[in-house]
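# Descriptive structure summary
So the chains spell out like this:
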Amino acid sequence: MYMAYGWPQVIPLEQGLCPSSQRVIYFKVINRLLLVVSPSHLELWSSSQHRVRLGKYKRDADSLRREGENSQAVWSPDAKLIAVVTTSLYLHLFKVHFSEKRVQIGGRQPSGLYFATISLLLSEQVPFGDMNLSVSNIVSDNRHMLLGLSDGSLYGISWKGEFCGAVGLDHPIRNESDKVTDLPHPVSNGIAAIVNPGAPISQQNFIKRPAIVQLELCFPMRLLFVLYSDGQLMLCSVSKKGLKQVESIRAEKHVGSGDAVCTSVASEQQILAVGTRRGVVELYDLADSASLIRAVSLFDWGYSVEDTGPVTCIAWTPDNSAFAVGWKHRGLTVWSVSGCRLMSTIRQIGLSSVSSPMMKPNQDSRFEPLVSGVSLMQWDEFGYRLYAIEEGSSERVLAFSFGKCCLNRGVSGMTYVRQVIYGEDRLLVVQSEDTNELKMLHLNLPVSYLSQNWPVQHVAASKDGMYLAVAGLHGLILYDIRLKKWRVFGDISQEQKIQCKGLLWLGKIVVVCNYDDSSNTYELLFYPRYHLDQSSLLCRKSLLTKPMVMDVYENYILVTYRPFDVHIFHVKLSRELTPSSTPDLQLSTVRELSIMTAKSHPAAMRFIPDQLPRECASTDHLASSSDGLVREPSRCLILRANGELSLLDLDDGRERELTDSVELFWVTCGQSEETTNLIEEVSWLDYGHRGMQVWYPSPGVESFKQEDFLQLDPELEFDREVYPLGLLPNAGVVVGVSQRMSFSACTEFPCFEPSPQAQTILHCLLRHLLQRNKSQEALKLAELSAEKPHFCHCLEWLLFTVFDAEISRQNINKHRNNGLKSATSFTLLEKTCDLIRNFPEYFDVVVSVARKTDGRHWADLFSAAGRSTELFEECFQRRWYRTAACYILVIAKLEGPAVSQYSALRLLQATLDESLYELAGELVRFLLRSGREYEQASSDSDRLSPRFLGYFLFRSSYKRQSTDYRSPSFKEQSAHVTSVKNILENHASYLMSGKELSKLVAFVKGTQFDLVEYLQREKDGSARLESFASGLELIGQKLQMSTLQSRLDAEFLLAHMCSVKFKEWIVVLATLLRRSEVLFDLFRHDLRLWRAYSVTLQSYPAFFEYHDLVEALEEKLAAYANSEEKY
């Protein structure tokens, strides 16, 4: 797994003599060197820790005019020779020679880089130079190179400059069997005979073939892929001698859908990636007759081929676990083999965004890298850097930094408890100890170690996740997460003798797989974590050859060699492992197993401990043995390079296939002794194209030999932007990581930030326990998780998945049994409800699941969960009014509208008493809507009406002072609406009489209560102010005008009072708000009111703060009076 981090770096390129040709024609990384070929010059850069230009070759203007610009190029696998074909079909051979002049970088340590000289060895026109042909890209092996020509032929050239001749592959047509069908002309074995080695095929026959636009050579698989200009892709076989015998290349079959534009092969995975004109990348399994595996694109992210254009290039990571895709018009994306989007330079468009995914000319696009498309891409040999060149650009190369996840593959073991991504010079560690929020910590390696041992190559975490072992080119260092300290070798000479090829943790011991280049042998070194020194070396164990995969469990180490030889060692440690003691470690072989198989080689193997029930552990007969409960594991999981997951019995060598398309897995059984481990019941988890799969042992004594091995996976499908890294067993969650981008105005490009994400698996574990009738164990597991922030969501997801499965089963039984219901059809649903009923979240969970499912199935749900009215009543008594409100719709569906209206009216009064006005507003809208529907559906006027119920049940503690029951509006309303209106007006009168004005405003806004109509009717009732002075003082205390919200509430009330011309309230509110214009407009027409207002404010000491307002009003009124006298 690869995840981008940091800002893209820029490598500047020199401008050549051909500014019109703004492109780079060739781009390659070999042996920590980066070669860039432009139309007029070549540049050689280092791609190691320091990116420095080491050499260049610039062609002069006369050469460019005579022989043409550089058109195609290839670099020999040993990085010593460069071949270039020009537009005039001249072949140039260059030699790369490194001088003894060292590049000075700075710092104490030498850089290890030397300047290079690129010299021209050969310049000669190719034999077909006068045929007006164009050349495709060039592929090569150690001795020969191969060109594709525009007449459909292949041409071979040796690295010595010898022209080997041309051969014409028939361009076959596709038939029903997808085999090769030759065109009707003399051929032999699907190829044309070479009549003249120096002449192209176009002279040998007159059959018109499409031009070859790309060649892709996979020498480990002896395959050559030929891409034609019409989009056809041909799979060809190559002889064991490579490209020396061009005539031995045979066309085998068509691959792809006929619109291919580029292709790339992952030899390790045996997967062919084909880019199409549709902007889609198709993956084909070369081990299975080139069958289509899957296709990936940005369609699901809102981007079509009109946005991105066709695919221009595909680049696989060095370990073939991911691939980068570049498009012609915009951006690049990195995908995992399973189809998870790991990184993308294209800005994510939200669903609510009004902007189109297509980049518009007036948009600020400088923050998006490669916004004009991608022409070439290359990974470095370690996979830490992705180099890309923008379409139409020859000025720079962009380098994206990537970190790799410790996926427990090969000879390095990794615990799932500690999630680590490692880059070339740092570790990105997921932190989850101090807070429930996951954070990513960037941990830089010590410069003293990294300067000589760049880059990081292996990382392993201890079983508890508190120690990290990191190995670079030589030696290793340890990091204590608790103390935040590094431990290194004290003797650098000892460090340089270690070439780490793998790391394991054996308790407090670090196991290093070391390669000794002097003897060409491999060995295991055992170091205590408290001291890295030769004097503290506990044991040295020689290995037969290079190990393929390794694993450790307790005191057992598994080592597997090619082709498939398994050796298991037992480690015995005598005396305590402390600095003050002299511990002795002995290693003995306990099992050797050689397996003959034609399957793909293993990429990872993990011991499967024998699972012993916790309650039986203390009484087991093994308790008296020297190793306690630890015994030699008899099984292990195998993940092969092609993604196949199988279970190997180490006793009889029998291998059982489990599933395929798997990228990683974690063995969880027997890995933790903590009582808070929530995944004890799980055997292992795996992740691949199907998402996350959870595996459980079958019931029985020999659980792993049962054929009905239990597997649950639908609930754990990860987001296709989140890649899982590991587990937090104490929290019952899977930790994943996704890409985020942060933008800054001071940088040209965004910063890529890996963001950790968490997804719970608790619901899956609980469901499994309930399926196995382990209700008590499920309850204990749930109680351990009750304080977790995701607990309520887990219970909801558990009930939803169980209920959804019951609905599906019921539908199947309905069709099979003509509607007969099984007596146990709701057993699991009832068990789930009984489990959740032990927690206060039960009421929220049940109603949330009901709202997410079809109302036609609510009766089945509440037959197991309890009657909806009883659940409502329980919430009502506990004053959980928001939850109770959610049950109203369920009651309306199951019990009828009359009961739901009765419940809603009760709840409305309660919410008003608690000042929950938004919730009250929702209840009002429901009651008015359901009232109309109910009255239309029923004409029985003798039923118990809501108004009658409201009269007896919802009388407010405040007795209304005045109610105009003769109001026409009351007579026109139905009894149901009148009942609701009575409750609202009672509450409004209660608030107005107590001058709870802030609550009154919230009440009006939340329930949409008609305040204007109410004020018109209550001017002499509850809304009346006894006196101006007392009203101003009281309302000033209720409305604290120093706060913004209080001022907004006063403005709201003032607007309503002005609409009904309520002078008493207008004067008070305008004074509190100091709205002099409102007061002036009022007083200029009523001077008697002004005099009373002025005298009151000036006579009360409490109103001293308003004296300036009075003076201002007095001046305005005097000026107004003078102006009136003049007229």
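Since the model is a prediction, treat every value here as computed from it, not as a measurement.

Procedures and definitions
- Residues numbered from 1 in each chain as written.
- Predicted model: local features only at pLDDT ≥ 70, side-chain atom pairs only at ≥ 80, totals over all residues.
- Heavy atoms only, no water.
- Helix = DSSP H or I, 4+ residues; strand = E, 2+ residues; numbered from the N terminus.
- Buried < 20%, exposed > 50% of the residue type's maximum accessible area, 1.4 Å probe, protein only.
- Contact = heavy atoms within 4.5 Å.
- Areas by Shrake-Rupley, 256 points an atom, 1.4 Å probe, with all protein chains shown as cover.
- Salt bridge = Lys/Arg side-chain N within 4 Å of Asp/Glu carboxyl O.
- Core = buried A, V, L, I, M, F, W, Y, C linked by side-chain atoms within 4.5 Å.
- Pairing = 2+ DSSP bridges.
- Axes fitted to C-alpha atoms, helices over the stretch in contact; angles between N-to-C directions.
- Phe/Tyr/Trp six-rings, centres within 6.5 Å; stacked < 30°, edge-to-face > 60°.
- Lys NZ or Arg CZ within 6 Å of the ring centre and 35° of its normal.
- Polar contact = N/O pair within 3.5 Å; in protein donor to acceptor, adjacent residues only side chain to side chain.
- Parallel < 35°, antiparallel > 145°, perpendicular 65-115°, else oblique.
- Left-handed = near helix turned anticlockwise from the far one by under 90°.
- Nonpolar A, V, L, I, M, F, W, Y, C, P; charged D, E, K, R; others polar.
- Patch = residues over 30% accessible without salt bridge, like charges linked within 9 Å, V, L, I, M, F, W, Y side chains within 5 Å.
- Lys, Arg positive; Asp, Glu negative; His and termini not counted.
- Charge placed at Lys NZ, Arg CZ, Asp CG, Glu CD.
- pLDDT = per-residue confidence, 0-100.

### Overview of the overall build of the protein
Assigned secondary structure in the protein consists of 26 helices and 57 strands. In the protein, buried positions account for 56% of the 1127 residues. Looking at the protein alone, contacts between residues at least 24 apart form 56% of all its contacts between residues at least 6 apart. Element-wise, carbon and sulfur atoms account for 49% of the exposed surface of the protein, whose accessible area totals about 50300 Å².

### Here we look at the pattern of salt bridges
Taken as a whole, this structure holds 45 salt bridges when the rule is applied. Between R278 and E282 there is a salt bridge whose closest N-O contact spans 2.8 Å. Assessed through its relative accessible area of 35%, R278 is described here as partly exposed. One salt bridge in this structure joins D834 and R837, with 2.7 Å as the shortest N-O distance. When salt bridges that share partners are traced, they join E14, E43, R53, K56 and K58 into one network.

### Brief notes about the nonpolar core
If you look at the biggest cluster of nonpolar residues, it comprises 163 residues, and the most contacted ones within it are L332, V334, F400, Y887, F1003, W1065 and Y1093. Per-element tally for this core: the top contributor is helix α8 (residues 791-816), with nine residues. Excluding anything up to four places from it in sequence, L332 contacts V325, G326, W327, M343, S344, T345, L370, V374, M377, L386, A388 and F400. Grouped together as the second largest cluster of nonpolar side chains are 40 residues, L44, V74, V103 and A116 included.

### A word on the sheet that holds strand β56 (residues 733-742)
Strand order in the open sheet made by the three strands is β55-β56-β57, with antiparallel pairing throughout. The open sheet has two free edges, formed respectively by β55 (723-728) and β57 (751-760), since each of these has just one partner strand. On average, each strand axis in the sheet is tilted by 35 degrees relative to the strand beside it, whichever way the strands run. The pairing of β56 with β57 spans ten bridges and is antiparallel. In the strand pairing of β57, V734 is matched with Q759.

### Some details on the environment of V417
Mapped onto the fold, V417 is located in the loop between β31 (396-405) and β32 (420-422). Placed 48 residues apart in sequence, V417 and G465 show a C-alpha to C-alpha distance of 5.9 Å. Once residues within four sequence positions are removed from consideration, V417 is found in contact with K463, D464, L727, L728 and P729.

### Examining the packing of aromatic side chains
For the coordinates displayed, the defined rule picks out 35 aromatic pairs. Between Y384 and Y422 the ring centres are 6.4 Å apart and the planes differ by 70 degrees, which places this aromatic pair in the edge-to-face class. Highlighted residues: Y384 in the loop between β29 (374-379) and β30 (385-390) and Y422 in strand β32, separated in sequence by 38 residues. The exposure class assigned to Y384 is buried, which follows from its relative accessible area of 1%. Members of the aromatic cluster, each reached through a chain of ring pairs, are F382, Y384, Y422 and W454. Sitting above the plane of the F1052 ring, K1005 keeps its charged end 5.1 Å from the centroid.

### Focus: the environment of W505
As for its placement among the helices and strands, W505 is situated in strand β39 (residues 500-506). Here W505 falls in the buried class, since its relative accessible area comes to 7%. For the pair W505 and S462, spaced 43 residues apart in the sequence, the C-alpha separation amounts to 5.5 Å. In this view, W505 contacts A460, A461, S462, Y467, L468, A469, L478, V510, R529 and V552; residues no more than four positions away in its chain are not counted. Reaching out from W505, the side chain makes a polar contact with the backbone oxygen of A460 at a distance of 3.1 Å.

### Overview of the sheet that holds strand β23 (residues 281-285)
The strand order across the open sheet built from four strands is β21-β22-β23-β24, with neighbouring strands paired in antiparallel fashion. Of all strands in the sheet, those with a lone pairing partner are β21 (260-266) and β24 (291-296), marking the two edges. Along the sheet, successive strands turn relative to each other by an average axial angle of 25 degrees, direction set aside. In this structure, β23 lies alongside β24, joined through five bridges in antiparallel fashion. Bridging across to β24, D285 finds its partner in S291.

### Some remarks on the packing of helix α21 (residues 1028-1038) against helix α25 (residues 1087-1099)
The contact between α21 and α25 brings their axes to 10 Å, and the two run at 60 degrees. Looking at the two axes, α21 sits oblique to α25. Considering the relative orientation of α21 and α25, their crossing is right-handed. The segment α21 lies against α25, with F1028, A1029 and L1032 engaging Y1093, T1096 and L1097. Its residues assigned to classes, the contact of α21 with α25 shows five nonpolar, one polar and no charged.

### Observations regarding the pairing of strand β49 (residues 645-649)
Where a strand is regular, its side chains alternate between the two sheet faces. For β49, a buried count of five out of five residues is recorded, marking the element as mostly surrounded by other parts of the structure. Neither face of β49 is open: one carries L645, L647 and D649, the other S646 and L648, and all of them are buried. When strand β48 (residues 635-640) meets β49, the two strands line up antiparallel, connected through five bridges. Looking across to β49, one finds that I638 is bridged to S646. Where β49 lies against strand β50 (residues 655-659), four bridges are found, and the strand directions are antiparallel. Looking at the pairing, L648 lines up with E655 of β50. From the end of β49 to the start of β50, which pair antiparallel, there are five residues, and G653 there has a positive phi angle of about 75 degrees.

### Looking at a positive patch on the surface
Taken together, the side chains of R143, K160, K241 and K244 define a basic patch exposed on the protein surface. Relative to the helices and strands, K241 is located in the loop between β19 (233-237) and β20 (250-255).

### Notes on unusual backbone geometry
Between W454 and the following residue, P455, the backbone shows a cis peptide bond with an omega angle of 0 degrees. For P455, the position within the fold is in the loop between α3 (447-453) and β35 (458-461). For the bond from R562 to P563, the omega torsion is 0 degrees, close enough to zero to count as cis. With respect to the element layout, P563 can be found in the loop between β44 (556-561) and β45 (565-574). Of note in the backbone geometry, Q270 takes a positive phi value of approximately 55 degrees without being a glycine. Relative to the assigned elements, Q270 resides in the loop between β21 and β22 (271-276). Given a relative accessible area of 30%, Q270 falls into the partly exposed group. Even without glycine at this site, S661 takes up a positive phi of about 55 degrees.

### Thoughts on the confidence of the model for the protein
Detail in the predicted coordinates should be disregarded across regions flagged by low pLDDT. For the protein, per-residue confidence averages 83 on the pLDDT scale, and 83% of positions sit at 70 or higher. Summarising per-element confidence for the protein, the mean pLDDT is lowest in helix α16 (residues 946-953) (32) and highest in strand β25 (residues 311-316) (97). Counted against residues more than four places away or in other chains, residues 350-364, with its pLDDT under 50, gives 17 contacts. Here residues 613-629 is a poorly scored stretch, pLDDT under 50, and it has 17 contacts once near neighbours within four places are set aside; other chains count.

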